Structure formats: C-alpha cells, structure tokens
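The lines below spell out each chain.
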Amino acid sequence: MSFPDKEKRQKCWDSRDRYWECLDKSGDQMEKCMEVRAVYETTCPSQWIACTFIVAASILYRYGDWFRHHIIVTLSVLVAWYFSFLIIFILPLDVTSTAYRQCVQEHTFYTEEPRSNETANLSTTVVPHIIPSNETSVCKLPWSYVPENVLPQLWRVLYWTSQFLTWFVLPLMQSYTKAGDFTVKGKLKSSLIDNAIYYGSYLVIATILLIYLAAKPDFEFDWPKLKAIAASASNTWGLFWLVLLLGYGLVDIPRSVWRSAIPGPLLSRLYFKAAKLNAEKSEAEENLEDYLEALQVALTRISPSDPLRKNAETISDKLPLEWRERMKRKSVNSNQMNESDLNEKSLVRLHRQVIRALQRQHRTETQWYNLVEKIFDLEDVHRNIGSHEHYFKPSFEPVRSTWLARIRSPTLEWYWKCLLRRYVCQGLAMVLALLSVLVVWSELTFFNASPVLSIFAIFVNLAKEYYDYLSIELVSIATIAYMCVCAYSTVLKIRVLNLYYLAPHHQTDEYSLIFSGMLLCRLTPPMCLNFLGLIHMDSHIIKARLMETYYTQIMGHMDVLPIISDGFNIYFPMAILGLCLATYFSLGARFLTFIGFQQFVDDEDDITADLAEEGRELIKREKRKRQRAEDSECRRRNVDVNNFARAERNRETGGLLVKRESSRSELFGSTSDNMSNEDDRYDQLFMQASRRIGDDVGSTPATLLTGSTDYRSSYTRSGPAPPRNFFDDV
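Sequence order as written defines the numbering, with residues in each chain counted from 1. Whole-chain, interface and lining totals are the exception, using all residues; otherwise, since this is a predicted model, local features are given only for residues with pLDDT of at least 70 and side-chain atom pairs are given and counted only at 80 or more. Side-chain measures here rest on the full set of heavy atoms in the structure, leaving out hydrogens and waters.

1. Here we look at the overall build of the chain
Applied cut-off: Under the scheme used here, helices are H or I runs from DSSP no shorter than 4 residues and strands are E runs no shorter than 2 residues, and both carry numbers assigned from the N terminus. We call a residue buried when its accessible area falls under 20% of the maximum for its residue type, exposed when it is over 50%, and partly exposed in between, using a 1.4 Å probe and counting protein chains only. What sets the accessible areas is the Shrake-Rupley method with a 1.4 Å probe; for residues, cover comes only from the shown protein chains.
Along the backbone of the chain there are 26 helices and 2 strands. Across the 730 residues that make up the chain, the buried fraction comes to 40%. Entry remark: accessible area of the chain is about 42,400 Å², with carbon and sulfur atoms responsible for 60%.

Quick look at the structure:
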C-alpha cells in the first residue's frame, strides 16, 4: 500500500471536513450523513496500516538477512511481526471508538409517554417510547474514528491468522530449519515427529477440558463455543507466561537503564559476563570442531562415486569458508569411524548436529563481538569523563561518513556521553520505574470496580469525560509497548532460553527469528486483553454491563471454566508483585549461585571477583589484538602511499631517483622505507640539485657523482678521515 500523494491527501481532508460539517448541521445524526461518510471512508485509506507494515519491515531488515534467509521464513516472520504490531497500534483506536459509542449510548435515554385509552374513562396506558437526545452534540467524534464495519473484520483476520502461525506454521518451520535430512520430504517428516510430543500434550489437555465441559448438563457444543474455548485456552496459556515474564522485566528494565548511566559499576558486571561468555564461546567452537572432524573423516572414507558423497558435501557446503579451510588443514585419523557407521542415518544425525553447532557458534560469536564493542565504549567514556579538554578520544577511531563525522564531532560526543547521557538515563529510569509501579498496582486492583483503584482505569475515565481521545491513544500505545518490551526482553535474558538471540546488522539466524515471531503472536493477544482489564473495558472482569470493544467481542473472554474466570484470571496477575520483589532482591541469582551456577550478585564474593578480573584480562587481550591489527593496517596504507609518492617522483625526475636510492643503499645499507624527516628534506635538496645538473648539457655521469659527493661532504664533521674499511662491520 503506497502513501497518498498531495492531491489524494487534499481530497481526504476535504471529504472529512464535509462529513463533520454535515454532522454539525444535522445535529450529529449519522443516519443523515451516510452518503458523505461513504465518500469520506473511500477517499481516506487507512494509512496507519501501511505505516505499521513499514515499521515491521524495517525492524526485520535490521535484524534478519533477507538475501541469506529463506524467502518463506522471511515472509512468515514478517507477517507474524506485522500482525502483532497491528494489534498493539489498533487496539487504542478500538478503545477510543468504544468510548465514543459508550458516550452515545449513555446519552440515548428511554422515556415513558402516556397515551389515552379509548375503552376506559380517565385511564391511560404507559407505553415506552425511545426519544433520542442530541447525543452526538455532546459526544465529540474522535479524530481517529474507525468505521464500525472495519474493526470486527480486521480483528478476525489478525487474531486467527496470528494464532494459526504461532501454533501450527512457525513451530513446524522452526523444526524444519534444524532438521538434518537432505530432502524436503524428510525434513517435513522430522519436523512433524519433533512436534508430535508438543502437539500431543496440548491435545490431551484439550480432550480433558472438552470432557469436563460435556459433563455439565447445561452445556451444548456448537462452532462458536468451540472457537471461544480455543481462544480462551490460548489466552489463558499466554497470560500464564505473561505474568511470569512481566514480574522480571518490570524491575529489570528500569534497573538496567539506571545502571547504564554510571559506567564504572556497569563495567564490573560486563567483565563478569565477558568471562562466562568467552567460556561458552570456546565450548561452542570446540563442539563444532569435534563435529567437523567427524565430517572430515566421512569425506575421506566416502568415495566420489558413492551416493552418500553428495550428502556429505551438502553438509560441507553449509560451513563458512574460514571453518572449511580450518577443517582441511587439520589432520585426522580416518580409521576412527567404521564402514558400518557411514550410512544415511548417521549423516542425517551429523547434519543436524552441525546445524545446531553452527547456530550456537554464530550466536556466541555475535554476542561476544557486541559485548566487546559495548565494553570498549564504556571504557572510553569512563576514561574521558575527567577530561578537562571536553574532547572525546576513543580507543579506536570509528569509520564514519563525512556528514556524520561533521555532526558527531568529538566535542559534542563528549558532552553527550560523558555529561548529558547520565542524567538522561537516570531520568528515563525514574519514568520507567514509575510506569512499572503503576502497572503492578493496576494488576493488583483492576478487579475492583467500585471504587476504581486501577490507575489506568481512572485516567481513561477522566479522559472520556473531557473527550481527550488523543491522550487515551498515546497512553494505551505507550503502556502496551512497555509491557511488550518487559515481557519479550525477559525471554532473551533468561539463561535457560539462551538458544535465541536477536542481533542487529543482519546477524540473527532463522531459528531465533522464527522464535520471536511465535513469541509475539502468542503473548500479544492476552497482553492486550489484560490491558483492557486494567482500564475496565472488559465487562467480565468488573462484572458490569457495558458496551465492549470489538476486540473482546472477537477474542472472547477467559471465562469458559469457573476456575479460570473467577480465580486464575483475577488472582494470578497478583503474582507479579511477588516476582517483582524476588527480582529486586536478586533471589533468583542468589539461588542459582547457591546450587553452583555462578551469577553476578551485588555483594561480590571471591568467585565473582575472580571472574570479573578474568573478563578484564580477556578484554585487554582483545584490545591489544585489535590494536595490532589496526597498526598493521595503518603501516600497510603508509607503504602504499609512499610507494605511490615515490613512483610519482621517479616519473618527474626521469629515473634519477632510482639511481640515487641504489647509491644510498650501497653506501648506508638502508632503504627508503626507513627514511626520517631529514631524509625527506634531503630528497628535496637532491631533486633541486639534479634539476640544476640536468640543465647543464655538458655534465657527465662522473661529474654528477662528484657533485653529489661534494654536496654531501658539506654535512660531514671536520677532522681526520677515518681509516679505510672502518664501517665495514656496521
């Protein structure tokens, strides 16, 4: 969907102005302005759909590799991210539209009109009669009002497509990417087998649930109820994981931003992380080398005419060039594998192992590179904070374009990194901490309808009274986005689930991208449903009759079972408070350290200090290694520049410089690569002398040599000449 040009935008604005003008003249009665409204909806396409698509595509382009990854993987992840982002950005529009419809419903009242009865004297019959008030003159139309027939259809497409992706398509694709078979049929079979246990466990739970519902005498099965059961089960499962993830992220995100303001204490944590990551990186490389050794043995033992040779070469082709060359240079014992072990089944298993080892090695290598860059930057900031020159001096000069170098001058960089960023991060951390407190308090009190204790519900109710729909949308988007960041970042930080890593600059593998798509599709719908409960837009939460959003009408409510609607759905979110307290006091890290999995704790013990010191030494070694590489590259560039300059001077002097260099080498045993500034001055004087000598037509080579010797003799010290062959041993 392309953006409208200037003419189309003007038509959209004109049709919208005519629609609002019609509403003003008709007393805001929509039925009298249906034709103008149809023109308005036709000429004004939904640009927010295109904007959301551009956002999702841009983020996927930053993290994924469109040219290396399979096109099906890229499209599936793009659809999953796009639909999840649409739910986040469209739900506030649904909230404002529902607030407007609730206002219209509240100002449409019923009156009782007395009418005389012809069969009885002085008797009247009270007949209810609906008299609409001038409701839309009181209720202002939202600036982002969405037509009523758009949202229901949109929610159906978004929700059921995302659910189909997260429960069926993406799990199969994730297993397909790590399958070791060499044919499409074999990979599909392996992925189905891998997901058999996964689907079987859910099938058992669904069967038990259906049997329980069938045992109830007043329950009847039909298609709408089955869809409601499926949606309720998916949302309940998502809410369970959402509460667990939010309990960690609501504390960790503000605390991480606060720690990033002061580089000193943060460096100790990063050194500790560098030591552990380096050990994991070394283990991943050793694991990959073991599998490559087995692959090299298979390539040696399998003859070129064997049908299995093609499968072995398929495994070899997936290796990066560096690892392929390393495998060829390494000598192995070809007798360590029997002929009976070389079959298609063993190659499939080896292929699967190589794929997993490559993914792990690539992930750890990318994490190590990003961590080293972050530590280098923090060390530079820590070193430049006390600079009185207000000039930022990095350890390694970054490669920047000309216009970016002009904007990011060293002075501006010093003021930002060494002065302003600290206060910005601390202020942002305070805002995020306040938002986390509001979320936790609202989760604890959202089920209380009278009095209203949820902060978000109080804000939405006040905004509805003043018809401030823009504030409702902005606060809703900010709150849902913050909850998403807290939940999704937690998954990528948990050590048990460290198989996935989203790395920028096109470094994320297919396995991690598919997992991120599954996560977004699975957690976003229950998160939005939970947010509607926080703002009291879910009638089944507050136990009141009100006009609901189209989102809850399509998604349904998590009240299929009484234990879910009256217990789990209301009281389980209260567990966020306990999880937040456990995260704040680092109880999880202390427990893992106690059972043997060393974690960084605030009160540093001997093991933590040793690992931090080990990480510091690793970073120093990495810095020396990078410094040597940079010096070598600088020397190479200088040699190229000197060679080019020497060639230009030789061309200008007609080859005279070559003779001079050869004479210099014979006399002093040195070359032009080690010339100093005095040698450069001597070159200039030598070229001037050669030009003067060249102008003399009668000069001979002997005269030239004599002139050069006389010129040099003026720079020698006075005194007796040294004996012959005195400098022969120098």
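Further notes follow.
2. Structural notes on the environment of Met 527
Threshold: We call two residues contacting when some pair of their heavy atoms lies within 4.5 Å.
Relative to the helices and strands, Met 527 resides in helix 17 (residues 510–534). The exposure class of Met 527 is buried, given its relative accessible area of 1%. Those residues in contact with Met 527 that sit more than four places away from it in its chain are Leu 242, Ile 480, Met 483, Cys 484, Ala 487 and Tyr 488.

3. Notes on the pattern of salt bridges
In plain terms, the rule: In the sections that follow, a salt bridge refers to a side-chain nitrogen of Lys or Arg positioned within 4 Å of a carboxyl oxygen of Asp or Glu.
In this structure the tally under the stated criterion is 18 salt bridges. Notably, a salt bridge pairs Arg 360 with Glu 283, separated by 3.5 Å at the nearest N-O pair. Of this pair, Arg 360 sits in helix 12 (residues 344–384) while Glu 283 sits in helix 9 (residues 263–301), placing them 77 residues apart in sequence. In this structure Arg 360 comes out as partly exposed when scored by relative accessible area, which is 24%. Relative accessible area serves as the criterion here: at 44%, Glu 283 is assigned to the partly exposed category. When salt bridges that share partners are traced, they join Glu 633, Arg 636, Arg 637 and Asp 640 into one network.

4. A closer look at the environment of Ser 97
Relative to the assigned elements, Ser 97 resides in helix 4 (residues 71–106). Take Ser 97: its relative accessible area is 1%, and that puts it in the buried class.

5. Topic: the packing of helix 6 (residues 151–177) against helix 8 (residues 223–259)
What counts, and what does not: Each axis is a line fitted through C-alpha atoms, taken for helices only over the stretch in contact, and angles between the N-to-C directions span 0 to 180 degrees. For classification, angles of less than 35 degrees are called roughly parallel, those exceeding 145 degrees roughly antiparallel, those between 65 and 115 degrees roughly perpendicular, and all remaining angles oblique. Two helices crossing with the near one rotated counterclockwise from the far one by less than a right angle form a left-handed crossing, whereas a clockwise rotation gives a right-handed crossing. Polar here means any residue outside two lists: the nonpolar Ala, Val, Leu, Ile, Met, Phe, Trp, Tyr, Cys and Pro, and the charged Asp, Glu, Lys and Arg; Gly therefore counts as polar.
The contact between helix 6 and helix 8 brings their axes to 12 Å, and the two run at 60°. One finds that helix 6 runs oblique with respect to helix 8. As for the relative orientation of helix 6 and helix 8, their crossing is left-handed in sense. Contacts between helix 6 and helix 8 pair Tyr 159, Trp 160, Gln 163 and Trp 167 from the former with Lys 227, Ala 231, Ser 234, Asn 235 and Trp 237 from the latter. Residues of the contact of helix 6 with helix 8, tallied by class, amount to 5 nonpolar, 3 polar and 1 charged.

6. Points about helix 12
Operational definition: To estimate the expected span of a helix, subtract one from its residue number and multiply by 1.5 Å. Side-chain atoms alone can form a polar contact between residues adjacent in sequence; in general such a contact is a pair of N or O atoms within 3.5 Å, and within protein one must be able to donate a hydrogen while the other accepts it.
The terminal C-alpha atoms of helix 12, which comprises 41 residues, lie 60 Å apart, in line with the 60 Å expected from a rise of 1.5 Å per residue. Two to three positions downstream of the cap, the backbone nitrogen of Lys 345 sits 3.3 Å from a side-chain oxygen, assigning the N-cap of helix 12 to Asn 343.

7. Quick word on the side chain of Thr 508
As for its position among the elements, Thr 508 is in the loop between helix 16 (469–493) and helix 17. Judged by relative accessible area, Thr 508 falls into the buried class, the value being 0%. Beyond its immediate sequence surroundings of up to four residues, Thr 508 is in contact with Tyr 63, Arg 68, His 69, Tyr 501, Leu 502, Ala 503 and Leu 513.

8. Section: the environment of Leu 371
Within the element layout of this structure, Leu 371 appears in helix 12. As for Leu 371 and Lys 273, which are separated by 98 residues in sequence, their C-alpha atoms are 8.6 Å apart. For Leu 371, the contacting residues outside a window of four places in its chain are Leu 270, Lys 273, Ala 274 and Leu 277.

9. Things to note about the packing of aromatic side chains
For clarity, the threshold we go by: Stacked, edge-to-face and tilted labels apply to pairs of Phe, Tyr and Trp rings (six-membered ring for Trp) whose centres lie within 6.5 Å, assigned for plane angles under 30 degrees, over 60, and everything in between, in that order. Criterion for a charge above a ring: Arg CZ or Lys NZ at most 6 Å from the ring centre, at most 35 degrees from the ring normal.
A full pass over the atoms with the stated rule returns 15 aromatic pairs. Taken together, a centroid distance of 5.7 Å and an interplanar angle of 35° make the contact between Phe 164 and Phe 168 tilted. Here the residue Phe 164 and the residue Phe 168 both occupy positions in helix 6, the gap between them amounting to 4 residues, near one helical turn. A ring pair is formed by Trp 414 and Tyr 415, whose centres lie 5.1 Å apart and whose planes are at 90°; its orientation type is edge-to-face. A connected cluster of aromatic rings, assembled from ring pairs, spans Phe 53, Tyr 82 and Phe 83. We note Arg 62 situated over the ring of Tyr 63; from NZ or CZ to the ring centre the distance is 5.9 Å. In this structure, Arg 626 is placed above the aromatic ring of Phe 396, and the distance from its NZ or CZ to the ring centre is 6.0 Å.

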